[in-house]
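An overview of the molecular structure
So the chains spell out like this:
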Amino acid sequence: MPSLGDEPAAEQASDEESEWPLEIATLDARGSEAGTIVVPNDGITVAEFFVTGCGHCQAQMPRLAEARSRLVDDYGEDLTVVSVTYQSSDSLPDDELRTWWRTHDGNWAVARDPESSLAAHYGIIGYPVTAVIDETGEKRWDKLGVESSDTIVQAVEAAFESFDETSGTAGTESNGPTTA
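Thresholds applied
Residues numbered from 1 in each chain as written. Predicted model: local features only at pLDDT ≥ 70, side-chain atom pairs only at ≥ 80, totals over all residues. Heavy atoms only, no water. Pairing = 2+ DSSP bridges. Helix = DSSP H or I, 4+ residues; strand = E, 2+ residues; numbered from the N terminus. Axes fitted to C-alpha atoms, helices over the stretch in contact; angles between N-to-C directions. Contact = heavy atoms within 4.5 Å. Salt bridge = Lys/Arg side-chain N within 4 Å of Asp/Glu carboxyl O. Core = buried A, V, L, I, M, F, W, Y, C linked by side-chain atoms within 4.5 Å. Buried < 20%, exposed > 50% of the residue type's maximum accessible area, 1.4 Å probe, protein only. Phe/Tyr/Trp six-rings, centres within 6.5 Å; stacked < 30°, edge-to-face > 60°. Expected span 1.5 Å × (residues − 1). Bend = angle between axes of the 7 residues up to and from the residue.

Taken in spatial order, the seven strands line up as β2-β1-β5-β4-β3-β6-β7 in an open sheet, and their pairing is mixed. Strands with a single pairing partner mark the edges of an open sheet, and in this sheet they are β2 (35-39) and β7 (139-144). If you compare each strand with its neighbour and ignore which way they point, the axes differ by 30° on average. Alignment of strand β3 (residues 44-50) against strand β6 (residues 129-133), held across five bridges, turns out to be antiparallel. Along β6, the bridge assignment pairs Thr45 with Ile133. Sitting on the sheet, helix α2 (residues 55-75) is in contact with β3, β4 (79-85) and β6, with an inclination near 165° to β4. Against the sheet, helix α3 (residues 94-103) touches β3, β4 and β5 (109-112), its axis set at about 145° to β5.

Inspection of every chain in the model, using the stated rule, returns seven salt bridges. For Arg30, the salt bridge goes to Asp105, with nearest N and O atoms at 3.8 Å. Of this pair, Arg30 sits in the loop between β1 (22-26) and β2 while Asp105 sits in the loop between α3 and β5, and the two are 75 residues apart along the sequence. In this structure, Arg70 engages Asp150 in a salt bridge whose closest nitrogen and oxygen atoms are separated by 2.6 Å. Taken as a pair, Arg70 in helix α2 and Asp150 in helix α5 (residues 149-167) lie far apart in primary sequence, 80 residues in all. Here the residues in one salt-bridge network are Glu66, Arg70 and Asp150, joined through shared partners.

All right, on to the nonpolar core then. One finds Leu79, Val132 and Val156 to be the most contacted residues of the largest nonpolar core, which totals 31 residues. Elements that contribute at least two residues to this core include exactly β3, α2, β4, α3 and α5. Element by element, the count of residues in this core is highest for α5, at seven residues. Sequence-distant contacts of Leu79, that is, excluding residues within four places in its chain, are made with Ile44, Val46, Leu71, Val72, Val156 and Phe160. Counting residues in hydrophobic clusters, the runner-up holds 17 residues, among them Ile24, Val84, Ile124 and Ala131.

So, about the packing of aromatic side chains. Within this structure, the stated rule accounts for six aromatic pairs. Considering the side-chain rings of Tyr75 and Phe160, the 3.8 Å spacing of their centres and the 5° angle between planes classify their relative orientation as stacked. In this pair, Tyr75 is assigned in helix α2 and Phe160 in helix α5, connecting sequence segments 85 residues apart. Look at Tyr75 and you get buried, because its relative accessible area is 4%. Centroid distance Trp101 to Trp108: 5.2 Å. Interplanar angle 75°. Geometry classified as edge-to-face. Taken individually, Trp101 and Trp108 each receive the classification buried, so the pair is uniform in this respect. One aromatic cluster in this structure is built from Phe50, Trp100, Trp101 and Trp108.

The subject of this paragraph is α2. End to end, α2 covers 30 Å across 21 residues, agreeing with the expected 30 Å (1.5 Å per residue, within 8%). The sharpest bend along α2 reaches about 25° and sits at Met61, with the proline Pro62 one to four residues further on. At the exit of α2 stands Gly76, carrying a positive phi of roughly 45°.

What follows is the structure, given as structure tokens:
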């Protein structure tokens, strides 16, 4: 298992401000277009760090799918959901990743970060890890392991509530209190 949060990589990411925000390459797959996603962006990003051979990562997929479907109607384009693997196309060809993605009902952006730049920047170690990142690039919440869709929704709603209070531009008000 690779170490995704070694200090030298984290120091490198913070020292190289020209590389911030980070662009990660997305794959052409169901719910995902080939190109890039920028983190942070103008809204809230839910980043799921995974590898295809991980049973817990597979178990997390339907929970993330449910959370995404519950959130996308309220937050639309202000919400970005992306699953990120460090696996390169050399170790896992695009067709194999697409097959895994389809088999596990992925239907949002899927990206490769073979240098683990994004994981290193946020101190992500292990997988699956779900992280909620705001528009300033601050990690608002993260969790290692399989997490319920309710918990993910609550973490994202809390980030949007904070986002709405500070910027007044994105999302809608939440119905009721949430905790993360």
